[in-house]
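Architecture and fold: a report
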Amino acid sequence: MRILITGGAGFVGSHLCDRLLADGHHVIAMDNLITGSRANVAHLINHPQFELVLHNVAQRIVLPQPVNVVLHFASPASPSQTAPTGYLQLPIQTLKAGALGTLNALGVAKAYGARFLLASTSEVYGDPLEHPQRESYWGNVDPVGPRSVYDEAKRFAEALTMAYHRTHAVDTRIVRIFNTFGPRMALDDGRVVPNFVGQALRGLPLTVYGDGAQTRSFCYVDDLVDGILALLESSEHMPVNIGNPHEVTIREFAELINGATGNAAGIVCEDRRTQGDPQQRKPDLTRARTLLRWEPRVDLAEGLRRTIHAFRERLLEPTPA
Ligand code: UDP
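Here's what I pulled together on the structure shown here. All values derive from a computational prediction rather than experimental measurement.

Our next topic: the site of the ligand. Every one of the 18 residues lining the ligand counts as a neighbour, but Asn179, Thr207, Tyr209, Arg216 and Asp277 are closest to it. A distance of 2.8 Å separates an oxygen atom of the ligand from a polar atom in the side chain of Asn195. Interatomic distance of 2.5 Å between a side-chain N/O atom of Asp277 and an oxygen atom of the ligand. Surface burial for the ligand is 94%, taken as the share of its 510 Å² of free accessible area covered by protein chains. Elements with a minimum of two residues in the shell around the ligand: α4 (192-201) and β8 (206-209).

Listed below in structure tokens is the structure:
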């Protein structure tokens, strides 16, 4: 099959490229590299079935040949207040990727009769009042809060995807991705995994925002890719959560990373939590388990071991002149 992946040079997008090429497909990775990076797909550039197309999905997408599948993954995704690639620094681009980008990607799917999969997010649940979060929960999102540029863009993207499905019979899927980690996360994107692992490998104290009692549930990227492909192959049009249900507090997570890296510098608490930083997050996986027969397999310790190894290699790489 010919598969278009928007955001194909991003963290999740590039892992999808790897898997789909290994499965024998032709992959067109579309990216404007504002948050993705050429390094994520450098190992694929000479692959005969791989193309990297530099394009902003907020602009009309014109392809020279039809595609069978469109995977829409292009979007900034880090809520960091300081990282230049965080969506708080790219608010309009984030809204455009979710709104105009989704419209253009759905337009491609409609034109070619291609299957379409939207990368949505647990952020559609906002700071959730239901725990764990089921897909039937409508969420608790402040439409004008700082995170709204991402949350509302993704909520709009889901609405648009369902409208194309219901109005134009486009064969759509919606995956709600919970916190995911693994090799190729941008070292400087300000999210908790690159921050903590980077700090630990440099022997620095880990910066826990607030009191660290907030929780997250971290899924290893290979499990996420398995879940996304299982959803793509299913016939399910309504949203499906994909993530790992093992919930930890951010303080426990910091201690795990210090333990795994042998970092003796400990933890510092910083008052840097953004307004709307969810207090707790954990997926209810009932739908993924029953509809897709999917289950995450890599536990947190093993995922961290692989991620720390990859980060260590990158930190040791000489910086280009
Ligand atoms: N966080 C932290 N220290 C950091 C970065 C993040 O304590 O250096 C916290 C952040 O406040 C949030 C959690 O870790 O509660 C996860 O943050 P992340 O930016 O990874 O993404 P989110 O899950 O909020 O979308």
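There's more to say after this.
As a further point, take the packing of aromatic side chains. A complete count under the given rule lists 7 aromatic pairs for this structure. Summarising the aromatic geometry, the rings of Phe181 and Phe218 are spaced 6.4 Å apart at their centres and angled 90° between planes, so their arrangement reads as edge-to-face. With Phe181 in strand β7 (residues 180-181) and Phe218 in the loop between β9 (215-217) and β10 (219-220), this residue pair connects regions lying 37 residues apart in the sequence. On the basis of relative accessible area, Phe181 is assigned to the buried category, the value being 1%. Taken together through their ring pairs, the aromatic side chains of Phe181, Phe196, Phe218, Tyr220 and Phe253 make up a single cluster.

Ranked by internal contacts, the top residues of the largest apolar core, which has 55 residues, are Leu16, Leu71, Phe73, Ile228 and Phe253. Examining the composition of this core, we find that 7 residues originate from one element, helix α5 (residues 221-233), more than from any other. Among all residues touching Phe253, those that are not within four sequence positions of it are Val192, Val193, Phe196, Phe218, Val248, Leu300 and Leu304. Ranked by size, the runner-up nonpolar core spans 22 residues in total, among them Ile28, Ala74, Ala105 and Tyr164.

Moving on, we come to the packing of helix α6 (residues 250-261) against helix α8 (residues 300-316). As a packed pair, α6 and α8 sit with axes 11 Å apart at the nearest point and diverge in direction by 55°. Looking at the two axes, α6 sits oblique to α8. The way α6 lies across α8 gives a crossing that is right-handed. For the pair α6 and α8, the contacting residues are Phe253, Leu256, Ile257, Ala260 and Thr261 in the first and Leu300, Leu304 and Ile308 in the second. Of the residues in the contact of α6 with α8, the class split is 7 nonpolar, 1 polar and no charged.

In this section: the side chain of Thr207. Along the chain, Thr207 turns up in strand β8. Judged by relative accessible area, which is 13%, Thr207 ranks as buried. Here the side chain of Thr207 touches Gln199 through a polar contact of 2.9 Å, side chain to side chain. Those residues in contact with Thr207 that sit more than four places away from it in its chain are Phe196, Gln199, Val268 and Glu270.

Turning to its location among the elements, Ile267 is positioned in strand β13 (residues 267-270). As a C-alpha pair, Ile267 and Leu204 span 63 residues in sequence and 8.6 Å in three-dimensional space. Setting aside residues no more than four positions away along its own chain, Ile267 makes contact with Pro205, Leu206, Val208, Arg251, Ala254, Glu255 and Asn258.

Time to look at the packing of α4 against α6. Remark: α4 packs on α6, axes separated minimally by 10 Å, with the N-to-C direction vectors making an angle of 40°. Classified by the angle between their axes, α4 and α6 sit oblique to one another. The interaxial crossing formed by α4 with α6 has right-handed handedness. Listed contacts from α6 to Val192, Val193, Phe196, Val197, Ala200 and Leu201 of α4 are Ile250, Phe253, Ala254, Ile257, Asn258 and Thr261. The residue inventory of the contact of α4 with α6, partitioned by class, reads 10 nonpolar, 2 polar and no charged.

In this structure, the amide linkage connecting His131 to the following residue, Pro132, adopts the cis form with an omega of -10°. Counting through the fold element by element, Pro132 comes out in the loop between β5 (115-121) and α3 (148-168). Even without glycine at this site, Arg184 takes up a positive phi of about 80°. With respect to the helices and strands, the residue Arg184 is situated in the loop between β7 and α4. What makes Arg184 buried here is its relative accessible area of 19%. Even without being glycine, Arg293 reaches a positive phi, approximately 55°. Looking at the element boundaries, Arg293 is found in the loop between α7 (286-292) and α8. Here Arg293 falls in the exposed class, since its relative accessible area comes to 72%.

Basis of the calculations
- Residues numbered from 1 in each chain as written.
- Predicted model: local features only at pLDDT ≥ 70, side-chain atom pairs only at ≥ 80, totals over all residues.
- Heavy atoms only, no water.
- Near = heavy atom within 4 Å.
- Polar contact = N/O pair within 3.5 Å; in protein donor to acceptor, adjacent residues only side chain to side chain.
- Areas by Shrake-Rupley, 256 points an atom, 1.4 Å probe, with all protein chains shown as cover.
- Helix = DSSP H or I, 4+ residues; strand = E, 2+ residues; numbered from the N terminus.
- Phe/Tyr/Trp six-rings, centres within 6.5 Å; stacked < 30°, edge-to-face > 60°.
- Buried < 20%, exposed > 50% of the residue type's maximum accessible area, 1.4 Å probe, protein only.
- Core = buried A, V, L, I, M, F, W, Y, C linked by side-chain atoms within 4.5 Å.
- Contact = heavy atoms within 4.5 Å.
- Axes fitted to C-alpha atoms, helices over the stretch in contact; angles between N-to-C directions.
- Parallel < 35°, antiparallel > 145°, perpendicular 65-115°, else oblique.
- Left-handed = near helix turned anticlockwise from the far one by under 90°.
- Nonpolar A, V, L, I, M, F, W, Y, C, P; charged D, E, K, R; others polar.

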